[in-house]
Amino acid sequence: MNATLIRGVTVGALVGLLFGFDTAVIAGTTSGVRDAFGLDAGGVGITVSSALWGTLVGALTAGIPGDRYGARTSLQAIALLYILSGIGCLLAWDWGSLLVFRVMAGLAVGASSVLAPVYIAEIAPADKRGAMVGAFQLNVVFGILVAYLSNFFVASLDLGAWDWRVKFGVTAIPAVILLALLFSIPHSPRWLAAKHRAREAAAVLASLGDPDPDRSVAAYQRADDQQTSAPKLSWAKHRKPILLAFAVAAFNQLTGINAILYYLNDIFAAAGFSGTSADLQAIAIGAANFVFTGLALTVIDRLGRRTLLMIGSVGLAATLAGTAAIFLSGEGEQYLLWLLLAYIAFFAFSSGAVIWVYISEIFPTDVRARGQSLGSSTHWAFDAVIAGGFPLVAAYSRGAPFVVFAGAMVAQLVIVFLFFPETKQRSLEQLGQGL
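This structure is a prediction, so every number in the text was calculated from the model and none was measured. (Residues numbered from 1 in each chain as written. Predicted model: local features only at pLDDT ≥ 70, side-chain atom pairs only at ≥ 80, totals over all residues. Heavy atoms only, no water.)

A. Highlighting the overall build of the protein chain. Looking only at helices and strands, the protein chain has 21 helices and zero strands in total. Computed over the C-alpha atoms, the radius of gyration of the protein chain is 21 Å, within 12% of the 22 Å expected from 2.2 N^0.38 for a compact globule of 435 residues. Taking the principal axes of its C-alpha atoms as reference, the protein chain extends roughly 65 × 45 × 35 Å. For the protein chain, the residues scored as buried account for 59% of the 435 residues in total. At a minimum sequence separation of 6, the contacts of the protein chain that also span at least 24 residues come to 82%. Counting only carbon and sulfur atoms, one obtains 68% of the accessible surface of the protein chain, whose full area is about 16,200 Å². (Helix = DSSP H or I, 4+ residues; strand = E, 2+ residues; numbered from the N terminus. Rg over C-alpha atoms; globule rule 2.2 N^0.38 Å. Buried < 20%, exposed > 50% of the residue type's maximum accessible area, 1.4 Å probe, protein only. Contact = heavy atoms within 4.5 Å. Areas by Shrake-Rupley, 256 points an atom, 1.4 Å probe, with all protein chains shown as cover.)

The following block contains the structure:
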């Protein structure tokens, strides 16, 4: 551990704060946007999911510039997108322009979810990689908490019609700080080695504290030599990591986490809580998410990714089933906050902490950014569909979405137990040679 490594991991992880902030800020704006543009439930769903379709495109395409120009340079462009989208939403002149700028925010979030974990994974030592990449997720949930706190603070200013605009516009402030900090970190040494810039790679490794950078560069190059001269992510060659990335990303969204976070205020309102009470309870949910993600990072390199996923599957199935029972029966609303706190705790301790770590580990170096792109795009595709459909399904039956999510967690438990390999304490080169 030295200053360069700490700075690289910290700045890479701060990308996650923008990810979480821009993702969760929507929770405090739905009623304002609905009133401003006269939207029905379908219109609200389109507004919420618009960013997610942009996120899907960002995740699908980020691997190409990431592999070509490196994660650091690509993240600088992403920070600019965050700045423009925040300012654009603040000044949006109609519903269509708001959707355009939310799609722009989505492009930045999707690309962030690909490139920041890849960058951290490629500079982190193997024995600390889980916690270091997990720091990205910790900052995602910290960003979610910051979004809830920001929404609560802006709401207290009583800005009237400008309330939802300012909530969106605040996101540009941390984006400016991030852009400046991204100029202070080095390129990934693995990316430099893959681009045949061995001398620069060795210099970066030395600055990161590698005791024998030349040997590490040689190991990177041997691993690259075993790959095709024109690297492509292919089903024939990468079938297992592709399936694993798809599964861990899909199940992450089938927990219902983002739909619940996006519509948290609406969920509490449906259970009879006031708007102010819903805002405060959203902060409690965000705080629990942050605390239990941090707890997971202290044990992820000891217990392993697979174990955490199985623990989470059991807890998530139970808490989602309890939440469904409250909405289907119309009784026990006083227990809703406690069930959702437990739900968030189990999610943060398992799938929330594991997803970006696991996907960043399982692909070979020459296609890692593309593999991360595949996993991330799967995540966001499921997110967009679930978030767009949640208000429509909940309007039909408030308990139905939670029944579906609970069943998915039972399926996750079985699939993880039967098919997921453990990746802890293994180098990226070892994992790239076969799971």
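More follows now that the structure is in view.
B. Structural detail: the packing of aromatic side chains. According to the stated counting rule, one finds 10 aromatic pairs in the structure shown. Where Phe327 meets Phe402, the ring centres are 5.6 Å apart and the plane angle is 15°; that geometry is what we call stacked. Taken together, the residues span a long stretch of sequence, with Phe327 in helix H16 (residues 305–329) and Phe402 in helix H20 (residues 400–419) at a distance of 75 residues. Of the two residues, Phe327 and Phe402, both sit in the buried class. Taking 5.6 Å as the distance between ring centres and 15° as the angle between the ring planes, the aromatic pair formed by Tyr358 and Phe420 counts as stacked. One end of the pair, Tyr358, is in helix H18 (residues 351–361); the other, Phe420, is in the loop between H20 and helix H21 (428–432), with 62 residues separating them in the sequence. According to the relative accessible area criterion, Tyr358 is buried, its value standing at 0%. An aromatic cluster is built from Phe327, Phe390, Phe402 and Phe405, whose rings are joined through pairwise contacts. Over the aromatic face of Trp162 sits the side chain of Arg165, whose NZ or CZ is 5.5 Å from the ring centroid. (Phe/Tyr/Trp six-rings, centres within 6.5 Å; stacked < 30°, edge-to-face > 60°. Lys NZ or Arg CZ within 6 Å of the ring centre and 35° of its normal.)

C. Structural detail: empty space enclosed by the protein. By the definition in use, this model includes five cavities of 30 Å³ or more. Forming the walls of the largest cavity are 17 residues, and the residues nearest its centre are Phe19, Gln137, Val140, Asn258 and Phe347. Residue assignment for the lining of the largest cavity shows that the elements contributing at least two residues are helix H1 (3–24), helix H6 (129–156), helix H13 (257–262), H18 and helix H19 (368–396). At four residues, the largest contribution of residues to the lining of the largest cavity is made by H6. Classifying every residue of the lining of the largest cavity gives 10 nonpolar, seven polar and no charged. (1 Å grid on protein atoms, 1.4 Å probe; cavity = no way out; pocket = protein on both sides within 12 Å on 5 of 7 lines; lining within 4 Å. Points joined across faces, edges and corners; volume = space filled by probe spheres on them. Nonpolar A, V, L, I, M, F, W, Y, C, P; charged D, E, K, R; others polar.)

D. Seen up close, the side chain of Thr29. Position of Thr29 relative to the elements: it lies in the loop between H1 and helix H2 (30–37). Given a relative accessible area of 0%, Thr29 falls into the buried group. In terms of polar contacts, Thr29 uses its side chain to reach the backbone carbonyl oxygen of Ile26, at 2.9 Å. Apart from residues lying up to four places away in sequence, Thr29 is in contact with Trp164, Lys167 and Phe168. (Polar contact = N/O pair within 3.5 Å; in protein donor to acceptor, adjacent residues only side chain to side chain.)

E. Inspection of helix H3 (residues 41–69) at higher detail. Between the first and last C-alpha of H3 there are 42 Å, a value that for 29 residues agrees with the 42 Å anticipated at 1.5 Å per step. At Thr61, H3 shows its largest kink, close to 35°, and the proline Pro65 lies no more than four residues downstream. Residue Asp40 occupies the N-cap position of H3, its side-chain oxygen lying 3.2 Å from the main-chain nitrogen of Gly42. Looking one or two residues past H3, Gly70 carries a phi angle of roughly 95°, positive in sign. (Expected span 1.5 Å × (residues − 1). Bend = angle between axes of the 7 residues up to and from the residue.)

F. Fine view of the packing of H19 against H20. Viewed as axis vectors pointing N to C, H19 and H20 meet at an angle of 130°, and their least axial separation amounts to 8 Å. Judged by the inter-axis angle, H19 sits oblique to H20. When H19 is examined against H20, the residues Ile386, Phe390, Val393 and Ala394 are found in contact with a partner set consisting of Ala400, Pro401, Phe402 and Phe405. Within the contact of H19 with H20, the residues separate by chemical class into eight nonpolar, no polar and no charged. (Axes fitted to C-alpha atoms, helices over the stretch in contact; angles between N-to-C directions. Parallel < 35°, antiparallel > 145°, perpendicular 65-115°, else oblique.)

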